[in-house]
Each structure stands twice: as structure tokens, then as C-alpha cells.
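# Overview (structure and organization)
Here's the letter readout for the chains.
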Amino acid sequence: MPTLDLHGIRHEGVAQRIHSFVYNNELPVRIVTGKSEKMREIVVDTVGLLGYHSHYERLINKGCLIITEQEF
């Protein structure tokens, strides 16, 4: 599964990286946010605006989100 690792990336400009990554890869994709609540919020908001769904990779691993097609 294609993975975007956001460790060490500043919050500014993250939305653009997410746009590019999601549009240039086939879903599902993985986005590693680490422990930053702010980074998770940016990712969830950005993929939501793009019309996609995000969920934690595992219930115990909140530092990694899986992006899929929007659930209806």
C-alpha cells in the first residue's frame, strides 16, 4: 500500500502534499502522522474535503491513517 510519512514535516504545506499523494496513487493509501493530534486533524480534514474517508490503521495505532473511498 502506498505510504506517505509525515514525520518531521511542518504543518504548513501538508495539505498540498496530501492532495498530491492521494491524487497520484490508487486507494487505499496509508498516511503516517505520528503522535501529533494537529497533524491527524489536518489529514482528516484534508481528505474529507477531497471526498475520501479516513480511519485508523489499527485501534491501537492512532499514528497511521488509511484513506479509502467515501463510505455511503
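In this text, all values refer to a predicted model and were calculated from it rather than measured experimentally. (Residues numbered from 1 in each chain as written. Predicted model: local features only at pLDDT ≥ 70, side-chain atom pairs only at ≥ 80, totals over all residues. Heavy atoms only, no water.)

Right, let's get into the nonpolar core. In this structure, Leu6, Ile18, Ile31, Val43, Tyr52 and Ile67 are the most contacted members of the largest nonpolar core, which totals 17 residues. Put simply, the parts of the chain that give this core at least two residues each are helix H1 (14-23), strand E2 (29-32), helix H2 (37-49) and strand E4 (61-69). Apart from the residues lying within four places of it in its own chain, the contact partners of Ile31 are Leu4, Leu6, Ile18, Phe21, Val43, Gly63, Cys64, Leu65 and Ile67. (Core = buried A, V, L, I, M, F, W, Y, C linked by side-chain atoms within 4.5 Å. Buried < 20%, exposed > 50% of the residue type's maximum accessible area, 1.4 Å probe, protein only. Helix = DSSP H or I, 4+ residues; strand = E, 2+ residues; numbered from the N terminus. Contact = heavy atoms within 4.5 Å.)

Moving on to H2. At 3.6 residues per turn, the α-helix brings residues three or four places apart onto the same side. Taking 1.5 Å per residue, 13 residues should reach 18 Å; H2 reaches 18 Å between its end C-alpha atoms and fits that length. Buried within H2 are the following residues: Met39, Arg40, Ile42, Val43, Thr46 and Val47. For H2, the angular spread of the buried residues around the axis is 160°, confining them to a single face. Opposite the buried face of H2, by more than 90 degrees, sit the exposed residues Glu37 and Leu49. Of the surrounding elements, those touching the buried residues of H2 are H1, E2, strand E3 (52-58) and E4. Within two residues after H2, Gly51 carries a phi angle of roughly 90°, on the positive side. (Expected span 1.5 Å × (residues − 1). Arc of directions from axis to C-beta.)

Going through the model one piece at a time under the given rule, you end up with 4 salt bridges. Here Glu12 makes a salt bridge to Arg10, at a shortest N to O gap of 3.6 Å. By relative accessible area, which is 64% here, Arg10 ends up exposed. (Salt bridge = Lys/Arg side-chain N within 4 Å of Asp/Glu carboxyl O.)

It is worth spelling out the sheet that holds E3 at this point. Strand order in the open sheet formed by 4 strands is E1-E2-E4-E3, and the pairing between neighbours is mixed. Among the strands making up the open sheet, the edge pair consists of strand E1 (3-5) and E3. Strand-to-strand twist in this sheet, taken as the mean axis angle between neighbours without regard to direction, amounts to 25°. In terms of strand pairing, E2 meets E4 through 4 bridges, oriented antiparallel. Pairing of Ile31 across the sheet is with Leu65, part of E4. Each of E2, E3 and E4 touches H2; the most contacted strand, E4, lies at about 5° to it. (Pairing = 2+ DSSP bridges. Axes fitted to C-alpha atoms, helices over the stretch in contact; angles between N-to-C directions.)

Okay, the confidence of the model for the chain next. Summarising the model, the chain shows a mean pLDDT of 92, and 96% of its residues fall at 70 or more. Per-element confidence in the chain ranges from a low mean pLDDT of 89 for E3 to a high of 97 for E1. (pLDDT = per-residue confidence, 0-100.)

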